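Overview (structure and organization)
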Amino acid sequence: MVILDAPVASDPLLGWLADAQHPVLDNAFSRELARTHRLNLVPPAEAARRVDGGERVYTNSENALAWLLDNTANSNLKDAIRLFKDKAAMREKLAPLSPELFFATFTRAQLEAVDVDDLPLPVVLKPSVGFCSMGVYVIEQRADWADAVADIARREADWHARYPESVVGGDVYLVEGYLGGTEYALDMYYDEQGRAHLLNVLRHDFAGAEDTSDRLYYTNSAIVDAMAERFRDWLDAVNEVVGARSFPVHVEVRVDGDAIAPIEFNPLRFAGLGGTDVAYYGVGLRTYAAYLADEVVDLEALYAKHPGQTYSMSLLNPAPTADLARPFDYDALAARFSHVLAFARFDPNVTGSYGFLFLRTDDSTKAELDFLLHSDLLEFQL
């Protein structure tokens, strides 16, 4: 069962759903998509019966979680959704795996009164229930805390207007110790026995210490070879505590030496806004199809067929000073790169970004990724 919801369903996902005729919940969003795609829409009552009967579920958007929580009786599924979505609860659950990592929780009302001198700076401040780097701040010095709280006050109304409470909660915030090293994003699922299956291993790079954006994720055979087995082992250890079954998750972690620290677990989906399609555009892997069919994917062998090639996805966040009422020159941006695999264009007033850009680079063109990472994109406003 697939549940589609706003704001974006990617073209590869919709194409596969039309070809495979995999069941899709009949809701307002999918009905609109069915005007141009031959979707196999299933009435809500039947969809709920399928979910309660144990059929695998995949969503393109965390907006779909509210329907599952409100309309199904599958307690195992619903308990897993709530646990994975709650960063504070997951920190508590996984504390034995990273006992050295500081964390604490505060209500939204308590943020102004926090004594920063009591925190082991640097720390990261984020909503306990959040999405796509919204409300995430790196606190390196005392003044950063006041700046972050002021920014939350300015922006929280917009976050809640764009996404439901099940996606972006606003009452509880998590503070955790900042771990150096490298950040990764993983698309994976747990099978019926609870074993971890990896479908994407993406390195997440940043323009600097203050950057918390989703501007650049990339993967290649070297990354997969170096990290996939280690991440499978860690994800298996996570599930010894959590106990999820037949469950897809988008996981973000930081790796520093021997330490792997969780950042967040996003339930019942892979990389959001169609980001998971980097695997399809790069090496032909439809991650959602592999999960729904319980397909065992040899990720290392798959990427070994594409030596020297790097596949990246970039969520094009506007600069803080960008005027979203002005048109954006997508063609001029695309012309800066040698091998554009796909360019999904979004309404920035709906998604908060201009779109998703998928690229292929190699040693001769890797400087293109550096440009993409550091550009504020203001030169492409018309």
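Structure shown above.
What comes next is a walk through the structure. Per chain, residue numbering runs from 1 following the sequence as it is written. With pLDDT at 70 or above as the cut-off, local features in this predicted model cover only qualifying residues; side-chain atom pairs require 80 or more to be listed or tallied, and sums for whole chains, interfaces and linings still use all residues. As a rule here, side-chain values come from all non-hydrogen atoms in the structure, and water together with hydrogens is ignored.

Looking at the overall build of the protein
Applied cut-off: Only runs of H or I of at least four residues qualify as helices and only runs of E of at least two qualify as strands under DSSP, and these elements are numbered from the N terminus. Contacts between residues were defined by any pair of non-hydrogen atoms, one from each residue, lying within 4.5 Å. Values of accessible area rely on a 1.4 Å probe in the Shrake-Rupley scheme; residue burial ignores everything except the protein chains shown. Think of it this way: Lys and Arg go in the positive column, Asp and Glu in the negative one, and His and the chain ends go nowhere. Here the site of a charge means NZ on Lys, CZ on Arg, CG on Asp, or CD on Glu.
Of the regular secondary structure elements, the protein holds 14 helices and 16 strands. Judged by the C-alpha coordinates and their principal axes, the protein covers about 55 × 50 × 40 Å. Contacts in the protein between residues at least 24 apart in sequence constitute 66% of all its contacts with a sequence separation of at least 6. Of the roughly 15700 Å² of accessible surface on the protein, 49% is carried by carbon and sulfur atoms. The centroid of the 33 positive side-chain charges in the protein is displaced by 4 Å from the centroid of its 59 negative side-chain charges.

Comments concerning the pattern of salt bridges
Keep this limit in mind: Basic side-chain nitrogens of Lys or Arg form a salt bridge, by our definition, when they fall within 4 Å of a carboxyl oxygen of Asp or Glu. In this scheme, a residue with accessible area under 20% of its type's maximum is buried, one over 50% is exposed, and one in between is partly exposed, where area comes from a 1.4 Å probe on protein chains only.
Under the defined criterion, the tally for this structure stands at 24 salt bridges. Where Arg31 meets Asp26, a salt bridge forms, and the shortest distance between an N and an O atom there is 2.7 Å. Accessibility expressed as a relative area gives 43% for Arg31, which makes it partly exposed. Two residues, Arg50 and Glu46, come together in a salt bridge whose shortest N-O distance is 3.1 Å. Highlighted residues: Arg50 and Glu46, both in helix α3 (residues 44-52), separated by 4 residues, approximately one helical turn. Look at Arg50 and you get partly exposed, because its relative accessible area is 27%.

Some points on the nonpolar core
Rule in force here: Within this scheme, the nonpolar core is defined by two criteria: the residues are buried Ala, Val, Leu, Ile, Met, Phe, Trp, Tyr or Cys, and they are joined through side-chain atoms within 4.5 Å.
One finds Leu4, Phe84, Val201 and Phe231 to be the most contacted residues of the largest nonpolar core, which totals 104 residues. Considering each element in turn, this core owes the most residues, 9 residues, to helix α8 (residues 221-242). Non-local contacts of Phe84, meaning those with residues more than four positions away in its chain, are made with Met90, Tyr190, Val242, Ala244, Phe247, Val249, Phe265 and Pro267. Grouped together as the second largest cluster of nonpolar side chains are 16 residues, Ala104, Val116, Val123 and Leu125 included.

Points about the packing of aromatic side chains
Our working rule: In summary, the pairing rule links any two rings of Phe, Tyr or Trp, Trp by its six-membered ring, whose centres are within 6.5 Å, and it sorts them by plane angle into stacked for under 30 degrees, edge-to-face for over 60 and tilted for everything else. Here, a charge over a ring means that NZ of Lys or CZ of Arg falls within 6 Å of the ring centre while also lying within 35 degrees of the ring normal.
The final tally for this structure, using the stated rule, is 19 aromatic pairs. Summarising the aromatic geometry, the rings of Phe337 and Phe371 are spaced 6.2 Å apart at their centres and angled 50° between planes, so their arrangement reads as tilted. Taken together, the positions of Phe337 in the loop between α12 (330-334) and β15 (340-345) and Phe371 in helix α14 (residues 367-374) put the pair 34 residues apart, joining distant regions of the chain. For the pair formed by Phe337 and Phe371, the shared burial category is buried. An aromatic cluster of three or more residues is present, and its members are Trp16, Tyr58, Tyr189, Phe270, Tyr288 and Tyr291. Above the plane of the ring of Phe371 lies Arg336, whose end atom (NZ or CZ) is 4.0 Å from the centre.

Some words on the environment of Glu92
Tracing the sequence through the fold places Glu92 in helix α6 (residues 87-94). Owing to a relative accessible area of 54%, Glu92 belongs among the exposed residues under this scheme. Taking the C-alpha atoms as reference points, Glu92 and Ala104, 12 residues apart in sequence, are found 9.6 Å from one another.

Things to note about the sheet that holds strand β9 (residues 182-190)
Heads up, the condition is: Strands pair, by our definition, only if DSSP identifies at least two bridges between them. Note on method: axes are straight lines fitted to C-alpha atoms, helices fitted across the in-contact stretch only, with angles between N-to-C directions ranging 0 to 180 degrees.
Overall, antiparallel pairing links the 8 strands, which are arranged β13-β12-β9-β10-β11-β14-β16-β15 in an open sheet. If you trace the sheet from one side to the other, it starts and ends with β13 (259-267) and β15, each paired once. With strand direction ignored, the average angle separating the axes of adjacent strands in the sheet is 25°. With 3 bridges joining them, strand β11 (residues 216-219) and strand β14 (residues 310-315) adopt antiparallel strand pairing. Bridge pairing links Thr219 to Tyr311 in β14.

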